[in-house]
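Descriptive structure summary
Listed below are the residues making up each chain.
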Amino acid sequence: IGMLAAAAMAVTPIASALTVGFSQIGSESGWRTAETQSIKSAAQERNIDLKFSDAQQKQENQIKALRSFIAQGVDAIILAPVVETGWDQVLREAKRSKIPVFLVDRGVKVRDNSLYVTKIASDFVEEGRLAGAWLAAKTSGDCKIAELQGTVGSSAAIDRKKGFADVIDLFPRMSIIRSQSGDFTRSGGKKVMESFLKAEHGGKTICAVYSHNDDMALGAIQAIQEAGLQPSKDILIISIDGVPDIFKAMMEGQTNASIELKSDLGNPTFDAIKAYLAGDKLPKWIKTQGNLYLPDTAKEEYQRRSSM
Ligand code: AHR
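Residues numbered from 1 in each chain as written. Predicted model: local features only at pLDDT ≥ 70, side-chain atom pairs only at ≥ 80, totals over all residues.

For the protein chain, the count of helices and strands is 11 helices and 12 strands. Its C-alpha radius of gyration of 21 Å places the protein chain within 12% of the 19 Å reference for a compact globule of 308 residues. A principal-axis box enclosing the C-alpha atoms of the protein chain has dimensions of 75 × 50 × 30 Å. (Helix = DSSP H or I, 4+ residues; strand = E, 2+ residues; numbered from the N terminus. Rg over C-alpha atoms; globule rule 2.2 N^0.38 Å.)

In structure tokens:
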């Protein structure tokens, strides 16, 4: 009987402690795929029943997903909001149903901040400032910049643009001569960069590219090479995320710098959910930190990150 019971336990799944809905933006970048993976595997390790929904970049899909999570009566909702505004109504519905909402990686602008519990994310304004400071130092404050913006209306694009501008505005010989959204994708970055190069005499007037993420920078690198210029030398490149592919590009001398955005948000997010459900009071923003990386450590970073 003992052996039979043990065998039965081995095949009977243990009931999940919690059910959590996760509304993800999509899979526009390597960084986003890593974030999804982190949240899915942390849920699995903790025996959490995760209801995952991919919004394919559309806020209306995220709103639908949230309503479905509410209807299913989940214990908590994780939301990675594609844009900043337009969330008040659906978050009010969650609150009315007493379902706590946790924001990951991007922020929202709502009239009433009690509509969400906390945001687990980095400081995008700081990232922009760090990129601006690196470029100012590298060019002695003299540089004409092409900016590849992230998704229009996203907190990541708005704040990274703002932080960067805060710094370069201090230098009279630094200016943004071209700025457009590449939607955080590699193909978007390539397409927009091609149009910048065309408009700027084949790129001769561009000193540097500031890209709101690594994937767009990787697309820009291709466009610069195809235009017969050397990325990282003829045109400097700085971007944000710290994905393995950008370290590979650094090792190959194709880009200059990347600011890390932590993608392993699974454990901090579920820690926050657990603490909240146990009655703890959480800060409104649980900040993650990232560093600036340069080619000197690219090889070890690439090896470390691609084996994770
Ligand atoms: O919100 C974070 C940003 O979204 C990342 O920098 C980018 O790669 C992603 O798609």
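Moving on, we get to unusual backbone geometry. Its identity as a non-glycine residue notwithstanding, glutamine 57 has a phi of 70 degrees, on the positive side. With respect to the element layout, glutamine 57 can be found in the loop between strand 2 (48–54) and helix 3 (59–72). For glutamine 57, a count of 17 C-beta atoms within 10 Å puts it in the partly exposed group. With phi around 50 degrees, histidine 201 is a residue other than glycine that occupies positive phi space. The residue histidine 201 is located in the loop between helix 7 (186–199) and strand 8 (208–211) in this model. (Buried ≥ 20, exposed ≤ 12 C-beta atoms within 10 Å, placed from the backbone.)

Before going further, it helps to examine the sheet that holds strand 2. Overall, parallel pairing links the 6 strands, which are arranged 2-1-3-4-5-11 in an open sheet. Taken across any chain shown, the strands that pair with only one partner, and hence form the sheet edges, are strand 2 and strand 11 (285–287). On average, adjacent strands in this sheet sit at an angle of 20 degrees to one another, irrespective of strand direction. Where helix 2 (residues 30–45) meets the sheet, it contacts strand 1 (18–24), strand 2 and strand 3 (76–79), and its direction lies at approximately 155 degrees from that of strand 2. (Pairing = 2+ DSSP bridges. Axes fitted to C-alpha atoms, helices over the stretch in contact; angles between N-to-C directions. Contact = placed C-beta atoms within 7 Å.)

All right, on to the pairing of strand 1 then. Counting buried positions over the 7 residues of strand 1 gives 5, a clear majority of the element. Sheet topology places strand 1 next to strand 2; 7 bridges connect them, and they run parallel. Residue leucine 18 lies in a different strand from strand 2, and its bridge partner there is isoleucine 48. The parallel pair strand 1 and strand 2 is bridged by helix 2, and the resulting crossover is right-handed. Where strand 1 meets strand 3, 4 bridges bridge the pair, whose relative direction is parallel. Across the sheet, valine 20 pairs through a bridge with alanine 76, a residue of strand 3. (Right-handed = clockwise from strand over helix to strand, strands pointing away.)

On to the packing of helix 5 (residues 124–138) against helix 6 (residues 155–168), then. Interaxial distance between helix 5 and helix 6 falls to 6 Å at its minimum, and their mutual angle equals 40 degrees. Relative to helix 6, helix 5 is oriented oblique. The handedness of the crossing between helix 5 and helix 6 is right-handed. Between helix 5 and helix 6, the residues in contact are Phe124, Val125, Glu126, Glu127, Gly128, Arg129, Ala131, Gly132, Ala133 and Ala136 and Ser155, Ala156, Asp159, Arg160, Lys161, Lys162, Gly163, Phe164, Asp166, Val167 and Ile168, respectively. Tallied by class, the residues present in the contact of helix 5 with helix 6 amount to 9 nonpolar, 4 polar and 8 charged. (Parallel < 35°, antiparallel > 145°, perpendicular 65-115°, else oblique. Left-handed = near helix turned anticlockwise from the far one by under 90°. Nonpolar A, V, L, I, M, F, W, Y, C, P; charged D, E, K, R; others polar.)

To continue, consider the confidence of the model for the protein chain. For the protein chain, per-residue confidence averages 95 on the pLDDT scale, and 95% of positions sit at 70 or higher. Element-level pLDDT for the protein chain is lowest in helix 1 (residues 2–11), with a mean of 52, against a maximum mean of 99 in strand 3. With a pTM of 0.94, the predicted complex shows an ipTM of 0.99. (pLDDT = per-residue confidence, 0-100.)

Turning to helix 5, a few remarks are in order. Between its first and last C-alpha, helix 5 extends 21 Å over 15 residues, near the 21 Å set by a 1.5 Å rise per residue. Those residues of helix 5 that are buried are in contact with strand 6 (142–149), helix 6, strand 8, strand 9 (236–241), strand 10 (257–260) and strand 12 (292–293). (Expected span 1.5 Å × (residues − 1).)

Surrounding the ligand, one finds 13 residues, the nearest of these being Ser29, Trp31, Ala156, Phe184 and Asn213. When residues of the shell around the ligand are traced back to their parent elements, those giving at least two are helix 2 and strand 9. Looking at side-chain class alone, the shell around the ligand contains 5 nonpolar, 2 polar and 6 charged residues. (Near = placed C-beta within 6 Å.)

Side chains on a regular strand alternate between the two faces of the sheet. The element strand 9 is largely enclosed, with a buried count of 6 among its 6 residues. The alternating pattern of strand 9 places Leu236, Ile238 and Ile240 and Ile237, Ser239 and Asp241 on opposite faces, both of which are buried. By the bridge criterion, 3 bridges tie strand 8 to strand 9 in an arrangement that is parallel. Counted as the bridge partner of tyrosine 210 is isoleucine 238 from strand 9. For the handedness criterion, the β-α-β arrangement of strand 8, helix 8 (residues 214–226) and strand 9 is classed as right-handed. Note: strand 9 against strand 10, 4 bridges, orientation parallel. Looking across to strand 10, one finds that isoleucine 238 is bridged to alanine 257. Handedness of the β-α-β unit built from strand 9, helix 9 (residues 244–251) and strand 10 comes out right-handed.

The strands that make up a sheet pair up through hydrogen bonds in the backbone, lying either parallel or antiparallel. Across the sheet, which stays open at both edges, the 6 strands sit in the order 7-6-8-9-10-12 with mixed pairing between neighbours. Two strands bound the open sheet, and with one partner strand each, they are strand 7 (173–181) and strand 12. Relative to strand 7, strand 6 runs parallel, the two being bridged by 8 bridges. Across the sheet, glutamine 149 pairs through a bridge with serine 181, a residue of strand 7. Contacts from helix 7 reach strand 6, strand 7 and strand 8 within the one sheet, and its direction differs from that of strand 6 by about 145 degrees.

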